[in-house]
Amino acid sequence: MEKKILIVSASLRVRSNSELLAEEILAGAREAGKEAELLSLKGKDLRFCVGCLACQKTGKCVLRDDMGKMLDRVREADVLVLVTPIYYYGLPGQLKTFLDRCNPLYGGENRFRDVYLVTVAADDAESAPHRAEESLGGWIECFPQARLAGSLFCGGVNGPGEILARPEYPARARALGASL
Ligand SMILES: Cc1cc2nc3c(=O)[nH]c(=O)nc-3n(C[C@H](O)[C@H](O)[C@H](O)COP(=O)(O)O)c2cc1C
């Protein structure tokens, strides 16, 4: 059966660099004949996990917001590609919240295996995404069927849309999409 790829774009700003990368990954995947879709956290009603653990008994979250539908997309995916800006050398709060809100999946049978992390930061240092990768690594470790299958770091990019001035990054993102 054809693998389903879910690309999650975590930035909330207009002309976001990570969303431009996410679109390239989507285009690359579709050009290669893969089944892929893009899910943006922008404009979503996404509340913090309240830690009640009701989902561990019922499989459902007590919060009624946009996460219910987004979780269905995660449930159907074989491959997850998380595309995100670096905030304070870690994951931005909205992506961490999204990952926390995947808690109804914890301890269950899950389809997703390969997880990719694509990061954008103002800093060009190779170490800039390391803490974000480590944080995602902790999440992946809680889903034994999953692994960090790859990552792409796009450093030295700060202003909205600035990634377009570094064509090597969109090109790498498109190639990543084709390789998924
Ligand atoms: C709250 C905040 C924190 C940030 N922290 C960092 C940081 O720690 N290191 C860094 O290199 N860039 C940092 N940045 C810059 C963003 O990573 C950079 O602007 C990136 O291009 C944003 O991607 P986007 O357009 O997809 O939102 C920060 C930006 C914001 C808004």
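Everything in this summary refers to the structure shown in the same document. (Residues numbered from 1 in each chain as written. Predicted model: local features only at pLDDT ≥ 70, side-chain atom pairs only at ≥ 80, totals over all residues.)

## Observations regarding the overall build of the protein
Okay, step 1: Secondary structure summary: the protein contains six helices and five strands in total.
Okay, step 2: N-terminal to C-terminal, the α/β element order of the protein is β-α-β-α-α-β-α-β-α-β-α.
Okay, step 3: Its C-alpha atoms give the protein a radius of gyration of 16 Å, within 12% of the compact-globule value 16 Å for 180 residues.
Okay, step 4: If one aligns the C-alpha atoms of the protein with their principal axes, the spans along those axes are about 50 × 40 × 30 Å.
Okay, step 5: Long-range pairs, those at least 24 residues apart, make up 78% of the contacts in the protein with a sequence separation of at least 6. (Helix = DSSP H or I, 4+ residues; strand = E, 2+ residues; numbered from the N terminus. Rg over C-alpha atoms; globule rule 2.2 N^0.38 Å. Contact = placed C-beta atoms within 7 Å.)

## Considerations on the site of the ligand
Okay, step 1: Neighbouring the ligand are 18 residues, the closest being Ser11, Ser18, Pro85, Ala121 and Asp123.
Okay, step 2: Partitioning the shell around the ligand into residue classes produces eleven nonpolar, five polar and two charged. (Near = placed C-beta within 6 Å. Nonpolar A, V, L, I, M, F, W, Y, C, P; charged D, E, K, R; others polar.)

## What about helix α6 (residues 168-179)?
Okay, step 1: The terminal C-alpha atoms of α6, which comprises twelve residues, lie 16 Å apart, in line with the 16 Å expected from a rise of 1.5 Å per residue.
Okay, step 2: Among all positions in α6, only Tyr169, Pro170, Ala173, Arg174, Leu176 and Gly177 are buried. End-on, the buried residues of α6 take up no more than an arc of 155°, which puts them together on one face. For α6, the exposed residues set more than 90 degrees away from the buried face come down to Glu168 and Ala171.
Okay, step 3: The secondary structure elements touched by the buried residues of α6 are α1 (17-31), β4 (114-120) and β5 (147-154). (Expected span 1.5 Å × (residues − 1). Buried ≥ 20, exposed ≤ 12 C-beta atoms within 10 Å, placed from the backbone. Arc of directions from axis to C-beta.)

## Details of unusual backbone geometry
Okay, step 1: Its identity as a non-glycine residue notwithstanding, Leu53 has a phi of 65°, on the positive side.
Okay, step 2: Assignment of secondary structure puts Leu53 in the loop between β2 (35-40) and α2 (55-58).
Okay, step 3: Even without being a glycine, Tyr88 presents a positive backbone phi close to 45°.
Okay, step 4: With respect to the element layout, Tyr88 can be found in the loop between β3 (79-85) and α4 (93-100).
Okay, step 5: Of the residues examined, Tyr88 has 9 C-beta atoms within 10 Å and is grouped as exposed.

## Quick word on the pairing of β3
Okay, step 1: For β3, the tally of buried residues reaches seven of seven residues, placing the bulk of the element in the interior.
Okay, step 2: Side-chain alternation along β3 places Val79, Val81, Val83 and Pro85 on one buried face and Leu80, Leu82 and Thr84 on a second face that is also buried.
Okay, step 3: Examined bridge by bridge, strand β1 (residues 4-9) and β3 share five bridges and lie parallel to one another. When the sheet's bridge partners are listed, Ser9 is paired in β3 with Val83.
Okay, step 4: Summarising the sheet, β3 and β4 pair through seven bridges and their orientation is parallel. Bridging from a neighbouring strand, Leu80 pairs with Val115 of β4.
Okay, step 5: Handedness of the β-α-β unit built from β3, α4 and β4 comes out right-handed. (Pairing = 2+ DSSP bridges. Right-handed = clockwise from strand over helix to strand, strands pointing away.)

## Describing the nonpolar core
Okay, step 1: Counting residues in hydrophobic clusters, the biggest one holds 44 residues, and the most contacted among them are Ile7, Leu21, Ile25, Val81, Leu82 and Val83.
Okay, step 2: Element by element, the count of residues in this core is highest for α1, at six residues.
Okay, step 3: Excluding residues that lie within four positions of it along the chain, Val83 makes contacts with Ile7, Val8, Ser9, Ala10, Ser18, Leu21, Ala22, Ile25 and Val118. (Core = buried A, V, L, I, M, F, W, Y, C linked by C-beta atoms within 7 Å.)

## Points about the packing of α1 against α6
Okay, step 1: The contact between α1 and α6 brings their axes to 6 Å, and the two run at 40°. Classed by the angle they form, the pair α1 and α6 counts as oblique. The hand of the α1/α6 crossing is right-handed. Where α1 approaches α6, its residues Leu20, Leu21, Glu24, Ile25, Leu26, Ala27, Gly28, Ala29 and Glu31 are matched on the opposing element by Tyr169, Pro170, Ala173, Arg174, Ala175, Leu176, Gly177 and Ala178.
Okay, step 2: Considering only residue class, the contact of α1 with α6 consists of twelve nonpolar, two polar and three charged. (Axes fitted to C-alpha atoms, helices over the stretch in contact; angles between N-to-C directions. Parallel < 35°, antiparallel > 145°, perpendicular 65-115°, else oblique. Left-handed = near helix turned anticlockwise from the far one by under 90°.)

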